[in-house]
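Each chain, written out:
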Amino acid sequence: MREQLLRVLDQHYPEVPILLAGSHAIGKETADSDVDLLIFTDAVQVPVITYREVDGFKLEAIELPKRNVLYFLERTANESGAYLFMVAMGTILRDQDGYLAELKTWGDSRFLAGPPTVKQQYKANRLLREISNQLTDLEGRKKASEKLFAANELINDLTSLLFLINNLWPMGGKWKDRKLSPLYPGVFERLFEAFRQAMSTADYTEMVAIVDELIAPLGGRKDHYSSHLSGEHPLDAGMVKIILPGVVLTDLDQLAVRQLQALRASYPLLYLNDFEDG
């Protein structure tokens, strides 16, 4: 498969580093699995995703900016650790001057280290307040459509909170279940059944009870007048601004400029442009 896949990639993505990601990289592909590829190129400055079927391969090719790739990965990891996960778990198909070998070294250590703990208590408290509001809406609102949207936000905020308190990189879609279900056996099956029941009866009592059960170890529901867990305002804690050519990044995973300079010294192939602190 590898040789045949490389022949296909030579036609469409010649002479650029390519990483095999997703289920094929970890040996868990099925007959319906796409071949997920990370392609590092100077031709893009933002991710470009292309789907194509070639010679029996269903390719999902994600082109990522080769220059300053660590800036991109750090910036996106706080919202979703998907790209970082793909780098850490990926397999090198084609390298270029050791670029991917260096990226893999960084990605492995960065992913295993887990997400930053800076402002973690503040974030948890904010999510608890949002969850509490949504639970109140499900208990008190009469309009079915309002309850529907409250339930949707509730599930998203709940999973974000569970990723946070378990020190896991945030993920989306099916990966929420794959990462969280082993930590909470049977809970999401119960939540699904409760949600399905609520869709037919507009009775969210069981769904509310399950969520209350999950947040009880964190002190339960919070209101807008309770004190911050950490006493920290979201604009405190020395937020960092990094200026790139034409791009301003704020709150870059709380990395100080000196840490970025150290990273650049450790991974010179991944920092191809200069940066300056603002």
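That block above? That's the structure.
The model shown is predicted, which means the values in this text are computed figures rather than measured ones.

**Q** Is there a simple way to explain the overall build of the protein in this structure?
**A** Along the protein, the regular secondary structure elements total 11 helices and eight strands. Sorting the 278 residues of the protein into buried and exposed places 45% on the buried side. Counting contacts in the protein only where the partners sit at least 6 residues apart, residues at least 24 apart contribute 61% of the total. A total accessible area of about 14700 Å² is found for the protein, and carbon and sulfur atoms account for 51% of it.

**Q** I'm lost on the packing of aromatic side chains in this one. Help?
**A** In this description, an aromatic ring pair is defined by two values, namely the gap between the centres and the angle between the planes. Summed over all chains, the structure comprises five aromatic pairs. Look at Tyr184 and Phe188: their rings are 6.4 Å apart centre to centre, the planes differ by 90 degrees, and that puts the pair in the edge-to-face class. Phe188 carries the same exposure label as Tyr184, and that label is buried. A cation sits over an aromatic face here: Lys66 above Tyr99, 5.2 Å from the ring centre. Over the ring of Trp175 we find Arg178, and its NZ or CZ is 4.7 Å from the ring centre.

**Q** Can you help me understand helix α3 (residues 69–77) in this one?
**A** Because the α-helix completes a turn every 3.6 residues, residues three or four places apart line up on one side. In terms of burial, α3 is largely enclosed, as eight of its nine residues are buried. Within α3, the full set of buried residues consists of Val69, Leu70, Tyr71, Phe72, Leu73, Glu74, Thr76 and Ala77.

**Q** Got a minute to help me understand the sheet that holds strand β5 (residues 91–94) in this structure?
**A** Hydrogen bonding along the main chain pairs the strands of a sheet, whether they run parallel or antiparallel. Strands sit in the order β3-β4-β2-β1-β5 across an open sheet of five strands; the sheet is mixed. Lying at the two open borders of the sheet, with one neighbouring strand each, are β3 (48–54) and β5. Taken over all neighbouring pairs, the strand axes of this sheet differ in orientation by 30 degrees on average, direction set aside.

**Q** What should I look at first to understand the nonpolar core in this one?
**A** Counting 52 residues, the largest nonpolar core has Leu38, Phe40, Leu73, Tyr83, Leu103, Ile131 and Leu158 as the members making the most contacts within it. In terms of nonpolar packing, the next biggest core, distinct from the first, is built from 17 residues, Val8, Leu9, Leu37 and Phe57 among them.

**Q** What should I look at first to understand the environment of Lys142 in this one?
**A** By secondary structure assignment, the location of Lys142 is in the loop between α6 (120–140) and α7 (144–165). By relative accessible area, which is 81% here, Lys142 ends up exposed. Taking C-alpha positions, Lys142 is 9.3 Å from Ala202, a pair spaced 60 residues apart along the chain.

**Q** Before we go on, may I ask you to explain the side chain of Ser132 in this structure?
**A** The residue Ser132 is located in helix α6 in this model. Look at Ser132 and you get buried, because its relative accessible area is 2%. Look past the residues within four positions of Ser132 in its chain and what remains in contact with it is Arg221 and Lys222.

Reading the values: the criteria
- Residues numbered from 1 in each chain as written.
- Predicted model: local features only at pLDDT ≥ 70, side-chain atom pairs only at ≥ 80, totals over all residues.
- Heavy atoms only, no water.
- Helix = DSSP H or I, 4+ residues; strand = E, 2+ residues; numbered from the N terminus.
- Buried < 20%, exposed > 50% of the residue type's maximum accessible area, 1.4 Å probe, protein only.
- Contact = heavy atoms within 4.5 Å.
- Areas by Shrake-Rupley, 256 points an atom, 1.4 Å probe, with all protein chains shown as cover.
- Phe/Tyr/Trp six-rings, centres within 6.5 Å; stacked < 30°, edge-to-face > 60°.
- Lys NZ or Arg CZ within 6 Å of the ring centre and 35° of its normal.
- Pairing = 2+ DSSP bridges.
- Axes fitted to C-alpha atoms, helices over the stretch in contact; angles between N-to-C directions.
- Core = buried A, V, L, I, M, F, W, Y, C linked by side-chain atoms within 4.5 Å.

Nothing here speaks to function; it is geometry throughout.
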